[in-house]
Amino acid sequence: LSGLVHWLCDTWGTLDLPVVGKHLLRPFREHHIDPQEMTRHGFCETNGDNFALCIPMLLVMGYRLRCDPSIVAEVEKQFGLLFLNLYIMFTNQIHKCSHQIERGPLARALQRLWLILPADHHKVHHQ
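Now for a look at the structure at hand. Since the model is a prediction, treat every value here as computed from it, not as a measurement.

Here we come to the overall build of the protein. In terms of regular secondary structure, the protein is built from six helices and zero strands. In sequence order, the protein lays out its α and β elements as α-α-α-α-α-α. Based on the C-alpha atoms only, the size of the protein along its principal axes is roughly 50 × 40 × 25 Å. Classification of the 127 residues of the protein by burial places 24% in the buried group. Long-range contacts, defined here as pairs at least 24 residues apart, represent 51% of the contacts in the protein between residues at least 6 apart. Of the roughly 8,900 Å² that the protein leaves accessible, carbon and sulfur atoms contribute 68%.

Pasting the structure below:
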């Protein structure tokens, strides 16, 4: 899913599109000019736009679970939406791990297991 979004942001649209141009397309395209740029940002700058996109959906999900007991019957769907939102929220942080010179032990372990993209494999994308 993130690969498809990445390709769309690299190829379609212009930077002057309202909201999407500044918050989605610009960071993707600048990232190809300076791949290390994202490693110089803190947590909020790296992930803020993704969090802003997902928090309303998570609030609606929480409200529905609290107010509508019948929704529990759709537990698989709700967990799927929850994990999709969590993935979207942290996708830039995960991507940042592929560019960092020094990664923490958790990131290194997840990359070894291919649960997140290993840095060596990701470098091919930037060549």
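There is more to say after this.
In this section: the state of the cysteines. With the rule as written, the count across this model stands at zero disulfides. For C97, which is in no disulfide, the shortest distance to another cysteine sulfur is to C44 and amounts to 16 Å. Here C97 falls in the buried class, since its relative accessible area comes to 12%.

Definitions and limits used
Residues numbered from 1 in each chain as written. Predicted model: local features only at pLDDT ≥ 70, side-chain atom pairs only at ≥ 80, totals over all residues. Heavy atoms only, no water. Helix = DSSP H or I, 4+ residues; strand = E, 2+ residues; numbered from the N terminus. Buried < 20%, exposed > 50% of the residue type's maximum accessible area, 1.4 Å probe, protein only. Contact = heavy atoms within 4.5 Å. Areas by Shrake-Rupley, 256 points an atom, 1.4 Å probe, with all protein chains shown as cover. Disulfide = S-S within 2.5 Å.

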